[in-house]
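# Residue-level structural notes
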Amino acid sequence: MRGGPYGLVARRVGKGQLALRYDRFSTLEPVSIEAFKTEDDGHALTLAYRIDWTKRLHGALEVIDIRSTNTTRAALGQPLSLRERQWQLSLRYRWHAAR
């Protein structure tokens, strides 16, 4: 696996925190058979907002936009390049709040 650079900026907004993260990634999965070698290359942008309503109750909304090229997709007859977007919404309750 090859890593990549990333950057993160965050700012307090009201009771929550807004964060923006950029990731550049490049992976190579070594295998003994050349036809099964997988390379994945791309970048991702994440925008997230996390809010603490109480010491025990927290919520978050996150959207991730990923653009990548992957050699396995091409081998399967799919487009080499792909753009994916994922949304996550979470609600968390802590049974034991920090003091």
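The coordinates are above.
Owing to the predicted nature of the structure, the values given are computational and were not obtained by experimental measurement.

The rules behind the values
Residues numbered from 1 in each chain as written. Predicted model: local features only at pLDDT ≥ 70, side-chain atom pairs only at ≥ 80, totals over all residues. Heavy atoms only, no water. Helix = DSSP H or I, 4+ residues; strand = E, 2+ residues; numbered from the N terminus. Polar contact = N/O pair within 3.5 Å; in protein donor to acceptor, adjacent residues only side chain to side chain. Contact = heavy atoms within 4.5 Å. Pairing = 2+ DSSP bridges. 1 Å grid on protein atoms, 1.4 Å probe; cavity = no way out; pocket = protein on both sides within 12 Å on 5 of 7 lines; lining within 4 Å. Points joined across faces, edges and corners; volume = space filled by probe spheres on them. Axes fitted to C-alpha atoms, helices over the stretch in contact; angles between N-to-C directions.

The next thing to look at is the side chain of D23. Examined against the element boundaries, D23 turns out to sit in strand β2 (residues 16-29). For D23, the side chain forms a polar contact with the side chain of R21, separated by 2.8 Å. Ignoring anything within four residues of it in the chain, the contact list for D23 reads P5, Y6, G42, H43 and A44.

Okay, the pairing of β2 next. Pairing between strand β1 (residues 6-13) and β2: eight bridges, direction antiparallel. Residue pairing across strands places V9 opposite L20, the latter belonging to β2. Counting the residues in the hairpin turn of β1 and β2 gives two residues, including G14, whose phi is positive at 60°. The sheet contact formed by β2 and strand β3 (residues 38-52) spans 14 bridges and is antiparallel. The residue of β3 that forms the bridge with G16 is I51.

Here the focus is the layout of surface pockets. Vacant regions in the atomic arrangement are exposed by a probe of water-molecule size rolled over the atoms. In this structure, the largest pocket occupies an estimated 220 Å³ of space. Looking at the largest pocket, it is lined by 14 residues, and the ones nearest its centre are A48, Y49, R50, A60 and E62. Those elements giving two or more residues to the lining of the largest pocket turn out to be β1, β2, β3, β4 (57-70) and β5 (81-93). When residues in the lining of the largest pocket are grouped by element, the largest group, four residues, is from β5.

What follows concerns the sheet that holds β1. Spatial strand order, β1-β2-β3-β4-β5: five strands in an open sheet with antiparallel pairing. Only two strands of the sheet have a single partner each, and these edge strands are β1 and β5. Strand-to-strand, the axes of this sheet are offset by a mean angle of 15°, without reference to chain direction.

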